[in-house]
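So you can see what is in the structure, the chains are spelled out below.
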Amino acid sequence: MEQGFLEQEAKKANQRNRKLFTVLTVVFLVSMAVICFAVKDIFDFDDARAVKVIVCLGIMAGVMLISVVIGLIASIRSAADASRSLLLPFAERTKEEAARLINREVAEGKILVDEYIYEFAQGKKPYGARVILLPSYLLLGNGMGKITIIPREKIYWLCAQVGRKGSSSFIVRLVIFTEKKTFYVEGVDVDHVEKLAQRLYQYIPNVFDAYDPFVLSYELEQLFDKNRAEFLRFYEEEKRKNNILCES
């Protein structure tokens, strides 16, 4: 039987996670071996402190291996049941119902937008968070197989918010204001994320088109957190203005 979209994505994520866990395990074990070899002549096994260090290293190795096993089991279960990978901040459907709807819309060719948050060179595999817009949901994939699904009717506004991280490097975030909370997808290519926001505006109207998103997004974040009623009043007023302009 042909696999649905989510099952295929879960299988890909499972393969990536297995590679990641394998690499991390090898790096950890090699590092431990190098450390043990470097200090083997220094340790005095009659010294209680030396024994304590060895025990701590053994515990760290055990925790690492247990974490790898748990991660692998979790990824395998997600691949077997793709609905496990879904995160539903809005519980309007069960995971199974949402998975069936998403698979059906993708199978019918109804993907409106499908972009990765990081721009990538020609011929290279895409990476980072993935943003997919369907008639029913906006999907935010985190690159590790988990997908947050946001009903389109719950979205108030979204924008590319440009700012600074630390003292020098620029970052840009796709900020999504919804009925329940604000979601963020972080990137580094300002032009790419701004173009992504423009593509999404074709299907999710930009009710704050008259404002500078760089300034407004920060102001609305504070308003959304401190005075939700005032945020909604402002949103509805701008939405009404836009409707009037569209009708005229």
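Residues numbered from 1 in each chain as written. Predicted model: local features only at pLDDT ≥ 70, side-chain atom pairs only at ≥ 80, totals over all residues. Heavy atoms only, no water.

Caption draft 1: The arrangement of the packing of aromatic side chains in detail. Tallied over the entire structure, the rule returns 12 aromatic pairs. Between Phe208 and Tyr211, the aromatic rings sit 6.3 Å apart at their centres with planes inclined by 80°, giving edge-to-face as the arrangement. When the ring of Phe208 is compared with that of Phe234, the centres are 5.2 Å apart and the planes differ by 10°; the resulting orientation is stacked. Residue Phe208 is found in the loop between helix H4 (190–201) and helix H5 (213–226), and its partner Phe234 is found in helix H6 (residues 228–247); the two are separated by 26 residues along the sequence. (Phe/Tyr/Trp six-rings, centres within 6.5 Å; stacked < 30°, edge-to-face > 60°. Helix = DSSP H or I, 4+ residues; strand = E, 2+ residues; numbered from the N terminus.)

Caption draft 2: Focus on the pattern of salt bridges. Counted under the stated rule, the structure contains 11 salt bridges. In this structure, Arg130 engages Asp114 in a salt bridge whose closest nitrogen and oxygen atoms are separated by 2.8 Å. Here Arg130, found in strand S3 (residues 130–133), pairs with Asp114, found in strand S2 (residues 113–116); they are 16 residues apart in sequence, far enough to count as distant. Residues joined in a network through salt bridges with shared partners are Glu9, Asp114 and Arg130. (Salt bridge = Lys/Arg side-chain N within 4 Å of Asp/Glu carboxyl O.)

Caption draft 3: Summary view of the environment of Ile155. Relative to the helices and strands, Ile155 is located in strand S6 (residues 155–164). Its relative accessible area of 6% is what places Ile155 among the buried residues. Residues Ile155 and Tyr137, spaced 18 residues apart in sequence, show a C-alpha to C-alpha distance of 9.8 Å. (Buried < 20%, exposed > 50% of the residue type's maximum accessible area, 1.4 Å probe, protein only.)

Caption draft 4: Molecular detail of the sheet that holds strand S5 (residues 147–151). Here we have five strands laid out as an open sheet, ordered S1-S5-S4-S3-S2, and mixed in their pairing. The two strands at the open ends of the sheet, each matched to only one other strand, are strand S1 (86–87) and S2. Direction of pairing for S2 relative to S3: antiparallel, over a ladder of four bridges. When the sheet's bridge partners are listed, Glu115 is paired in S3 with Val131. In the packing of H4 onto the sheet, the strands contacted are S2, S3 and strand S4 (137–141), and the crossing angle to S2 comes to about 165°. (Pairing = 2+ DSSP bridges. Contact = heavy atoms within 4.5 Å. Axes fitted to C-alpha atoms, helices over the stretch in contact; angles between N-to-C directions.)

Caption draft 5: Layout of the pairing of S3. The alternating pattern of S3 places Arg130 and Ile132 and Val131 and Leu133 on opposite faces, both of which are buried. As paired strands, S3 and S4 are joined by four bridges and run antiparallel to one another. Within the sheet, the bridge partner assigned to Val131 lies in S4 and is Leu140. Where S3 folds back onto S4 in an antiparallel hairpin, the turn is made up of three residues.

Caption draft 6: The arrangement of the nonpolar core in detail. Counting 37 residues, the largest nonpolar core has Leu138, Trp157, Leu174, Ile176 and Leu200 as the members making the most contacts within it. Contributions of two or more residues to this core are made by S3, S4, S6, strand S7 (170–178), strand S8 (182–187), H4, H5 and H6. Take this core: its biggest share by element is seven residues, from S6. If we skip the residues at most four places from it in the chain, Leu200 touches Val113, Val131, Leu133, Leu138, Leu158 and Leu174. Counting 14 residues, the second-largest nonpolar core is a separate cluster that includes Leu86, Ala99, Ile102 and Ile147. (Core = buried A, V, L, I, M, F, W, Y, C linked by side-chain atoms within 4.5 Å.)

Caption draft 7: Representation of the environment of Val215 within the structure. Topologically, Val215 is positioned in helix H5. On the basis of relative accessibility, which here comes to 38%, the residue Val215 falls in the partly exposed class. The spatial distance from the C-alpha of Val215 to the C-alpha of Gln161 is 8.7 Å, given a sequence separation of 54 residues.

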